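Here is how the chains run, residue by residue.
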Amino acid sequence: MARKNQTLGEFIIENQKDFPYASGELSRLINSIRLAAKMVNHEVNKAGLVDITGAAGETNIQGEDQQKLDVLANETFINTLTNREIVCGIASEENDEFITIKGQKNDHRNNYVVLMDPLDGSSNIDVNVSVGTIFSIYRRVTPTGTPVTIEDFLQPGNLQVAAGYIIYGTSTMLVYTTGHGVNGFTLNPALGTYYLSHPNMKFPDDGSIYSVNEGNYIHFPQGIKDYIKYCQEEKEDRPYTSRYIGSLVSDIHRNMIKGGIYLYPSTSKSPNGKLRLLYECNPMAFIAEQAGGKASDGYRRIMDIKPTELHERTPFVCGSKNMVEKVESFMD
């Protein structure tokens, strides 16, 4: 039973029975993500003090190579997951190809793959706006003891065993699901411990916030244009409020708490959309559904899409259930 001020470690142990294949692997994997997130949080909070926001290839006063914060976050998560002997493969938005992890005994014995966007919204770092990490976890489909293949990563979202995000904001939060609801944990930086602060998070069925980059309005499909006009109508419960941060984690997090919808549709310039199905849309869809919300490409459930490539893109509509269904009614 979730209780406030429970630590993330205590929560993981208490709920381990809910994890598939309760061998402790998934618990250790979530713990590794928790550790890497603390390390990235430390770097994010230094971003205004040290030059870690510039282009990779610069050198600091010690002659060391400078790295972009998103590259640094990528390496932190990869190194933490690799060194802890938990995953057999990692796919990242920052890497062209997936990474195979042999294990210290070179036996490919681990059973989980992680797909991640290590620093979502990193262009916001320079202006001190919240950014985040998104992760998605699957059980491998190829035989244990063999190297992972692309098939281990090209699984539909409905086969995820866990997904979550970390938001590095005014406070740092880790929000995740293993298919038994959504819980949020806030980092106490003085103690380095995450505490359960948002148990059983839920999207309200309806909301009054819509989040979309209206600068691209001219390029949107007609159905999306019609929905935006609907949001702006002067009716009994409208117009809705427009709120767009430009960081997927931040926009989804706000809308889950307050009630709202996030839209990143296809455009005439990007007919397949811009967000990545595997690193961004599937994990957020899993969280949304577990929180009573909905995620769609405008026509079909995001988590039913069978991916065909690692960096596949898709239109994305996610948020309060009734709002997403309203968008779908405009797309018909």
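You'll find the protein entered in an unreviewed UniProt entry as Fructose-1,6-bisphosphatase class 1, with Aquimarina aggregata given as the organism. Its UniProt record, at the heading Subcellular location (unreviewed entry), says of the protein: "Cytoplasm". A UniProt comment under Catalytic activity (unreviewed entry) is attached to the protein, and it reads "beta-D-fructose 1,6-bisphosphate + H2O = beta-D-fructose 6-phosphate + phosphate".

**Describing the packing of helix H2 (residues 25-45) against helix H3 (residues 69-83)**
Put simply, H2 and H3 touch, their axes get as near as 9 Å, and they point 150 degrees apart. Our classification of the angle between H2 and H3 gives roughly antiparallel. Classified by chirality, the crossing of H3 by H2 is right-handed. The residues of H3 that touch H2, namely those facing Leu-29, Ser-32, Ile-33, Leu-35, Ala-36, Ala-37, Met-39, Val-40, Glu-43 and Val-44, are Leu-69, Leu-72, Ala-73, Thr-76, Phe-77, Thr-80 and Leu-81. Looking at the contact of H2 with H3, its residues break down into 13 nonpolar, 3 polar and 1 charged.

**With respect to the sheet that holds strand S11 (residues 260-264)**
Ordered in space as S10-S9-S11-S13-S12, the 5 strands form an open sheet in which the pairing is mixed. The strands lining the two open edges of the sheet, one partner per strand, are strand S10 (241-242) and strand S12 (294-296). Pairing analysis gives 4 bridges linking S11 to strand S13 (residues 316-319), with the strands arranged antiparallel. Among the inter-strand pairings, Leu-263 is bridged to a residue of S13, identified as Val-317. Across the sheet, helix H5 (residues 248-258) is in contact with strand S9 (209-211), S11 and S13; its angle to S11 comes to roughly 155 degrees. Strands in contact with helix H6 (residues 277-290) are S12 and S13; relative to S13, the strand with the most contacts, it is inclined by about 25 degrees.

**What to know about the UniProt feature "binding site: Mg(2+) 1" (unreviewed entry) in the protein**
Those places that UniProt annotates as "binding site: Mg(2+) 1" (unreviewed entry) correspond, in this numbering, to Glu-93, Asp-117 and Leu-119. Spanning 27 residues, the annotated positions come together in the fold, the maximum distance between their C-alpha atoms being 9.2 Å. Tracing the backbone through its elements, the reader meets Glu-93 in the loop between strand S1 (87-92) and strand S2 (99-100). If we skip the residues at most four places from it in the chain, Glu-93 touches Met-116, Asp-117, Pro-118, Arg-276, Tyr-279, Glu-280 and His-311. Mapped onto the secondary structure, Asp-117 falls in strand S3 (residues 112-120). Non-local contacts of Asp-117, meaning those with residues more than four positions away in its chain, are made with Glu-93, Gly-132, Thr-133, Ile-134, Tyr-279 and Glu-280.

Rules of the game
- Residues numbered from 1 in each chain as written.
- Predicted model: local features only at pLDDT ≥ 70, side-chain atom pairs only at ≥ 80, totals over all residues.
- Heavy atoms only, no water.
- UniProt positions renumbered as here; feature names shortened; annotations may be inferred.
- Axes fitted to C-alpha atoms, helices over the stretch in contact; angles between N-to-C directions.
- Helix = DSSP H or I, 4+ residues; strand = E, 2+ residues; numbered from the N terminus.
- Parallel < 35°, antiparallel > 145°, perpendicular 65-115°, else oblique.
- Left-handed = near helix turned anticlockwise from the far one by under 90°.
- Contact = heavy atoms within 4.5 Å.
- Nonpolar A, V, L, I, M, F, W, Y, C, P; charged D, E, K, R; others polar.
- Pairing = 2+ DSSP bridges.

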